[in-house]
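Secondary and tertiary structure notes
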Amino acid sequence: MNHKLAAPTPPLGWNSWDCYGAAVTEEEIRGNADYMAEHLKAFGWNYITVDIQWYEPYANSSQYRPFVPLIMDEYSRLMPAENRFPSAEGGQGFKPLADYVHSLGLKFGIHIMRGIPRQAAHAAAPIMNTTATARDIAHTNSICPWNTDMYGVDASKEGAQAYYDSLFELYAEWGVDLVKVDDIAASRLYDTHQPEIALISKAIERCGRPMVLSLSPGPAPVEYSAFFTEHANMWRVTDDFWDQWPLLLDMFDRCRTWQGIPQAGCWPDCDMLPLGHIGIRSVDGGGADRWTRFTRDEQLTMMSLWSIFRSPLIFGGELRDCDEWTLSLLTNREVLRMQQESRGAKEALREGNLIVWTAEDTDDSRYAAIFNVGDSELPLNLALEQIGLTGFTSGTDLWNGTAAKLTTGVVQTTVPPHGVRLYRFI
């Protein structure tokens, strides 16, 4: 099975982390899925992902409770906490919830941590289809610095592949379509965990169900791009991204570093979109219950950069609370078409506070995202020739539908502070 077929275009979806941290409930997952099916599915949005610690009965925010008992089956595999996910009762796991998401015409994703539960290792719990135990394959020095749930798996040990095979066999039975694996693409303590990525990639290949493999957190090292492309569908190019201008400004450098890498099945990931109502039970990102701190111009800048770069778009806010403005960011067909179908994105110009990205459409038209990263308005007379575009006589701003002021190959505009003008030229 070719893993690249799982994500021929960059995925569009929702993830529970930005609003609920580790504490999301089944009711909240179903509610956001209902909203997506009604309001966003027609625009291509389809992934609903349960983020971290769905196996922790008393998780209450984005701050993890250390060394607490986790819900686990007899083969060292974590299971959904039934007090938070009632449909998981009787060992059904996420199958009933995945079935519900699928019934809406959507796809179902889960988050897991790299490795094997520490409590399984301490108990020398069995692993399916091998005589090795959890203690035998645990790499007890390979730990996550911010979460105490797991030990790494020693890929050289007998039983290591069998453990990951058993995990993904279970996820295939549940009907999982995307798995986000954390503490693996980059680490504060270690380099990229390539041996475990290879185990996971092989386990997905063997499980018989196509699944998108998403790797977190970043920044993933660009020198390993060939390895990521061979084994995964998405990998984070940044640490956790939140609604703060310095983090958004930094993404221009990260996207420039990774330009030319996005291809069918393999998508460098700029991380979730902290838009709308976030921080409900997630205190990460320097804030509590709030609406995004990004200005509207900053929101347009983020959506434009992510889309022209062709990052996956994973919305982080509580969908049911979307206002008309936030919904408009997610339902702009022309911007989404650029994100799904364009090619050849690159930084074409960087001069002072002006940054321009260009990309090709599937026809002979071109896209240009003209960004102002400064703190005051930027009046411009920009010759298209300067950004590698010639011969175009008209253009449209994709966010507001207005015609570009284009005279003899020069576009005239004023870009607001931290803002963007996103054009399609024909």
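Not measured: the values here are computed from a predicted model. (Residues numbered from 1 in each chain as written. Predicted model: local features only at pLDDT ≥ 70, side-chain atom pairs only at ≥ 80, totals over all residues. Heavy atoms only, no water.)

Description of the nonpolar core
One finds F168, Y171 and W357 to be the most contacted residues of the largest nonpolar core, which totals 124 residues. A total of nine residues in this core trace back to one element, the largest contributor, which is helix α6 (residues 160–174). Shared between two domains, this core takes at least three residues from each, and those domains are domain 1 (3–341) and domain 2 (346–425). What Y171 contacts, discounting residues up to four positions off in sequence, is I110, I112, V176, V179 and M211. Ranked by size, the runner-up nonpolar core spans 18 residues in total, among them L354, I370, L380 and Y423. (Core = buried A, V, L, I, M, F, W, Y, C linked by side-chain atoms within 4.5 Å. Buried < 20%, exposed > 50% of the residue type's maximum accessible area, 1.4 Å probe, protein only. Helix = DSSP H or I, 4+ residues; strand = E, 2+ residues; numbered from the N terminus. Domains from an automatic or database assignment. Contact = heavy atoms within 4.5 Å.)

Let's talk about the sheet that holds strand β16 (residues 366–372)
Spatially, five strands are ordered β14-β15-β16-β21-β18 in an open sheet, and the strand pairing comes out antiparallel. Two strands lie at the open edges of the sheet, namely β14 (343–351) and β18 (395–397), each paired on one side alone. Ignoring which end each strand starts from, the neighbouring axes of this sheet average 20° apart. The pairing of β14 with strand β15 (residues 354–360) spans six bridges and is classified as antiparallel. Across the sheet, the residue bridging to R350 is I355, located in β15. In this fold helix α9 (residues 245–258) packs onto β14, β15 and β16, with an angle of close to 130° to the strand it touches most, β14. Lying on the sheet, helix α12 (residues 333–341) is in contact with β14, β16 and β21 (419–425); it crosses β21 at an angle near 75°. (Pairing = 2+ DSSP bridges. Axes fitted to C-alpha atoms, helices over the stretch in contact; angles between N-to-C directions.)

Describing the pattern of salt bridges
Under the counting rule described, the total for this entry stands at 27 salt bridges. Taking the shortest distance from any N to any O, the salt bridge between R424 and D361 comes out at 3.0 Å. In this pair, R424 sits in strand β21 while D361 sits in the loop between β15 and β16, placing the two residues 63 residues apart along the sequence. When sorted by exposure, R424 lands in the same class as D361, which is buried. When salt bridges that share partners are traced, they join R337, E341, D361, D363 and R424 into one network. (Salt bridge = Lys/Arg side-chain N within 4 Å of Asp/Glu carboxyl O.)

Side note on the packing of aromatic side chains
The geometry of an aromatic ring pair is captured by two quantities: the separation of the ring centres and the angle between the planes. According to the stated counting rule, one finds 19 aromatic pairs in the structure shown. Note on W235 and W258: the rings are 6.1 Å apart at their centroids and 55° apart in plane angle, and the pair reads as tilted. Taken together, the positions of W235 in strand β9 (residues 234–236) and W258 in helix α9 put the pair 23 residues apart, joining distant regions of the chain. Grouping residues by exposure puts W235 and W258 together as buried. Ring pairing ties together the aromatic residues W54, Y55, F85, F94, F108, F168, Y171 and W174, which thus form one cluster. Over the aromatic face of Y100 sits the side chain of R30, whose NZ or CZ is 4.5 Å from the ring centroid. (Phe/Tyr/Trp six-rings, centres within 6.5 Å; stacked < 30°, edge-to-face > 60°. Lys NZ or Arg CZ within 6 Å of the ring centre and 35° of its normal.)

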